[in-house]
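Residue-level listing of the chains:
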Amino acid sequence: MDSFAFSVLFIVFLSLTLGCRFWLASRQIRNVQIHRAAVPPQFHEKISLESHQKAADYTVAKVKLGIVDLFIGAIVLLVLTLFGGLQWLSSHLIALLGTGMTYQLGLLISFVLITSVIDLPMDYYRQFVLEEKFGFNKMTARLFFTDIIKNSVISALIGLPLCWVVLTLMSSAGDLWWLYAWLVWSGFQLLMMVLYPSVIAPLFNKFKPLEDESLKARIEGLMMRTGFTSRGLFIMDGSKRSAHGNAYFSGFGASKRIVFFDTLIEKLAPQEIEAVLAHELGHFKKKHIVKRIGLIFILSLGFLALLGFLKQQVWFYTGLGVDPVMLGNHASNDAMALLLFMLTLPIFTFFLSPVSAIVSRKHEFEADAFAAHHTNSGDLVSALVKMYDDNASTLTPDPLHSTFYDSHPPASIRINHLNSQPSAS
C-alpha cells in the first residue's frame, strides 16, 4: 500500500464513522423525543411522567453534547495527522530534546497535555452545566481541578515507566518486541487490578466499612449461599461528585472487595440492595470478569502484533501526515507509531462495536438470571426501576443506537427477561 492509498482509506473510514455516529445520534434524539409525552405502559405505575420527561431531556442533552464532542475530536484528529500537527510538534521537540528516549517520552507527554487541554472545556461544561442542570452534579470546581491534578500525577508516576519499558522493547527487542511488550502490559494490568482498590481508589474517595448490621448480615448470607468471599463490604462517598448511584466489585484474587455508592444505599431497600449485589456476584460466578480480561488480552496481543507490522511501513506514517525518516534514526519513530496507532484504531474498529455490545448484554442476562435464582427477581426489578428513575436513564432508547453503544439491554427488554425468570422466593 502506498501513502496516498492509505490516506484515502483513512479519510473514507473517518467519514463513514462520523456519518454513522451522527446518524445514530440523530436516531436516538428522535426516538427519545417521540416517546417523551407518555411513560411506557410497563413503567407507568412506578415512574412519573415528570421523571420520564426529565430522563428524555437528559438523554437528548447528552447526545447533543456528544455530537459536538464527536466533531471536535474529528477536527483535532485531522489537525494532528493529515494537517501536520504531529509532524510540527515532533520537529520542535527534536530541536529541543534531540532524538533519543527523552524526545520520545516528551512527544507522548506533549500529546497528552495538548489533548487534555482541548478536552478540558467540554469536560467542565459536561460537569458544571449539563449535570448541574439536571441535578446530578455534586462536585465543586476545586474538587474538579484537584481530581485532574491527582490523575495527572498518578498517570505520570505509573504511565511514564511503562511507556519507557515499551519504547525500549520496541527499539531493542527485535521483531518480537510486540510479544514482550504484551507480556509487560498484561502483567501491568493484573497488577493494577490488585493495587487499585487499596492504593489508588482511596486517593479519590473515602471508603468505610458497611455499618448497618442487618444489611451486612443479609449480604453476608447471600455471599455464603453463593460461595463468594471478599476482603470487605465498603461504602464509597460517591455523593461528593454525583447524585448517580452504583455498586461494583474491584480488585482481583484476594484483593477483591464489594463497594456501594452511598447514594445507592440511601435510595434502595435492603432486599433491593441484596438483589443488585446478587447480580454483581453473578458476573463473578459466571466468570464474566475472567472472560472479559481474557478477551482484552487476546485483542491487545493482536493489536500489538499489528502495530509491530505497521511501525515498519513507511506508508503508515506518510499516509497520516508524518515523515518517518525525518530523524535519520528508525528507532526514534516508535513513540510516533504508538500515537498514530492509538489515534486511528478507533476509526477502523468502530463498526465492530455491536459485537462487544452483544457479548456484554449476554453477560448481563446471565447475571440477572443468577440474581433471580438466589434472590427475589421482583426485588431486582424494583431496584432497577428505581435506578433508571434516579439516574434519569431513558426507557425508550433507539434500538440501533443501543446496539452500538449500550453494554446493558434496554430497560423494557431487561425487565421482561427478569420477569420471565423463576425466582428464589
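Residues numbered from 1 in each chain as written. Predicted model: local features only at pLDDT ≥ 70, side-chain atom pairs only at ≥ 80, totals over all residues. Heavy atoms only, no water.

*Asks:* When you look at the overall build of the protein in this model, what are you seeing that I'm missing?
*Replies:* In terms of regular secondary structure, the protein is built from 16 helices and four strands. Compactness check: the protein gives a C-alpha radius of gyration of 24 Å against a globular reference of 22 Å for 425 residues, within 12% of the reference. Principal-axis analysis of the C-alpha atoms gives the protein an extent of 70 × 50 × 40 Å. In the protein, which comprises 425 residues, the proportion classed as buried is 45%. Within the protein, counting contacts between residues at least 6 apart in sequence, those at least 24 apart form 78% of the total. Here the protein displays about 20,800 Å² of accessible surface, and carbon together with sulfur accounts for 66% of that area. (Helix = DSSP H or I, 4+ residues; strand = E, 2+ residues; numbered from the N terminus. Rg over C-alpha atoms; globule rule 2.2 N^0.38 Å. Buried < 20%, exposed > 50% of the residue type's maximum accessible area, 1.4 Å probe, protein only. Contact = heavy atoms within 4.5 Å. Areas by Shrake-Rupley, 256 points an atom, 1.4 Å probe, with all protein chains shown as cover.)

*Asks:* Even after reading the chapter, I still don't get the packing of aromatic side chains, so can you show me in this structure?
*Replies:* The relative placement of two aromatic rings is captured by the distance of their centres and the angle of their planes. The final tally for this structure, using the stated rule, is 18 aromatic pairs. Ring plane angle 75° and centroid distance 5.9 Å describe the contact between Trp-185 and Phe-297, whose orientation is recorded as edge-to-face. With a gap of 112 residues between them, Trp-185 in helix H6 (residues 177-200) and Phe-297 in helix H10 (residues 288-310) connect regions that are remote in the sequence. For Trp-185, a relative accessible area of 25% gives the class partly exposed. The class of Phe-297 is buried, set by a relative accessible area of 17%. Among the aromatic side chains, those forming a connected cluster through ring pairs are Phe-6, Phe-13, Phe-309, Trp-315, Phe-316, Tyr-317 and Phe-348. The side chain of Lys-54 reaches across the aromatic face of Phe-136, ending 4.7 Å from its centre. A cation sits over an aromatic face here: Lys-150 above Phe-204, 5.8 Å from the ring centre. (Phe/Tyr/Trp six-rings, centres within 6.5 Å; stacked < 30°, edge-to-face > 60°. Lys NZ or Arg CZ within 6 Å of the ring centre and 35° of its normal.)

*Asks:* Mind showing me how you'd approach the sheet that holds strand E3 (residues 247-250) here?
*Replies:* Two strands in a sheet stick together by hydrogen bonds in their backbones, pointing the same way (parallel) or opposite ways (antiparallel). The four strands lie next to each other as E1-E2-E4-E3, forming an open sheet whose pairing is mixed. Each edge of the sheet is formed by a strand with only one pairing partner; in this case those strands are strand E1 (207-209) and E3. Averaged over all neighbouring strand pairs, the angle between strand axes comes to 35°, with direction disregarded. This element, helix H9 (residues 270-285), spans E3 and strand E4 (257-261) of the sheet and lies at about 35° to E3. (Pairing = 2+ DSSP bridges. Axes fitted to C-alpha atoms, helices over the stretch in contact; angles between N-to-C directions.)

*Asks:* Even after reading the chapter, I still don't get helix H14 (residues 377-390), so can you show me in this structure?
*Replies:* Side chains that are three or four residues apart share a direction in an α-helix, a result of its 3.6 residues per turn. Spanning 14 residues, H14 covers 20 Å between terminal C-alpha atoms, matching the ideal 20 Å at 1.5 Å per step. Those residues of H14 that sit buried are Ser-377, Asp-379, Leu-380, Val-381, Ala-383, Leu-384, Val-385, Met-387 and Tyr-388. Looking at the buried positions of H14, the neighbouring elements they touch are helix H8 (262-267), H9, helix H13 (353-374) and helix H16 (411-419). Backbone nitrogen of Gly-378 and a side-chain oxygen of the N-cap are separated by 2.7 Å at the start of H14; the cap is Asn-376. Ala-392 sits one or two positions beyond H14 and adopts a positive phi of about 55°. (Expected span 1.5 Å × (residues − 1). Polar contact = N/O pair within 3.5 Å; in protein donor to acceptor, adjacent residues only side chain to side chain.)

*Asks:* Could you clarify how one ought to interpret empty space enclosed by the protein in this entry?
*Replies:* Rolled over the atoms, a probe sized like a water molecule indicates the empty space that remains. In this structure the tally under the stated criterion is two cavities of 30 Å³ or more. When its volume is computed, the largest cavity comes out at roughly 40 Å³. Taken together, Gly-245, Leu-264, Lys-267, Leu-268, Met-387, Asp-390 and Asn-391 form the lining of the largest cavity. Elements supplying a minimum of two residues to the lining of the largest cavity: H8 and H14. Residues of the lining of the largest cavity, tallied by class, amount to three nonpolar, two polar and two charged. Its volume calculated, the second largest cavity comes out at about 30 Å³. What lines the second largest cavity is simply Ile-47, Ser-51, His-52, Ala-55, Tyr-388, Asp-389, Ala-392, Ser-393 and Leu-395. (1 Å grid on protein atoms, 1.4 Å probe; cavity = no way out; pocket = protein on both sides within 12 Å on 5 of 7 lines; lining within 4 Å. Points joined across faces, edges and corners; volume = space filled by probe spheres on them. Nonpolar A, V, L, I, M, F, W, Y, C, P; charged D, E, K, R; others polar.)

*Asks:* What should I look at first to understand unusual backbone geometry in this one?
*Replies:* Glycine aside, negative phi is the norm for most residues, and most peptide bonds take the trans geometry. Unlike most non-glycine residues, Lys-287 shows phi in positive territory, near 60°. Examined against the element boundaries, Lys-287 turns out to sit in the loop between H9 and H10. Residue Lys-287 is classed as exposed on the basis of its relative accessible area, which comes to 53%. A positive phi angle, close to 55°, is found at Ala-392, a residue other than glycine. Tracing the sequence through the fold places Ala-392 in the loop between H14 and helix H15 (399-405). Relative accessible area serves as the criterion here: at 2%, Ala-392 is assigned to the buried category.

*Asks:* How do you make sense of the layout of surface pockets when you look at a structure like this?
*Replies:* Its boundaries defined by the atoms lining it, the second largest pocket holds a volume of some 1,300 Å³. Lining the second largest pocket are 38 residues, with Phe-111, Val-112, Gly-159, Cys-163 and Met-342 positioned closest to its centre. At the level of elements, helix H4 (101-133), helix H5 (141-172), H6, H10 and helix H12 (334-349) are the ones that each hand at least two residues to the lining of the second largest pocket. Tallied by class, residues from the lining of the second largest pocket come to 28 nonpolar, seven polar and three charged.

*Asks:* In this structure, what is going on with a negative patch on the surface? I would like to understand it.
*Replies:* A cluster of acidic residues, Glu-211, Asp-212, Glu-213 and Glu-220, forms a negative patch at the surface. By secondary structure assignment, the location of Glu-213 is in helix H7 (residues 213-226). (Patch = residues over 30% accessible without salt bridge, like charges linked within 9 Å, V, L, I, M, F, W, Y side chains within 5 Å. Salt bridge = Lys/Arg side-chain N within 4 Å of Asp/Glu carboxyl O. Lys, Arg positive; Asp, Glu negative; His and termini not counted. Charge placed at Lys NZ, Arg CZ, Asp CG, Glu CD.)

*Asks:* How should the pattern of salt bridges be read in this particular structure?
*Replies:* Close approach of charged atoms lets side chains of opposite charge pair. Under the definition given, this model contains 14 salt bridges. When the shortest N-O distance is used, the salt bridge between Arg-292 and Glu-364 registers 4.0 Å. Taken together, the residues span a long stretch of sequence, with Arg-292 in helix H10 and Glu-364 in helix H13 at a distance of 72 residues. For Arg-292, a relative accessible area of 33% translates into the label partly exposed. Among the ionic contacts, a cluster of salt bridges with common partners joins Arg-292, Glu-364, Asp-368 and Arg-414.

*Asks:* Quick question: what am I supposed to make of the environment of Ser-420 here?
*Replies:* Mapped onto the elements, Ser-420 comes out in the segment after H16. Distance from Ser-420 to Leu-113, taken between C-alpha atoms, is 51 Å for residues 307 residues apart in sequence.

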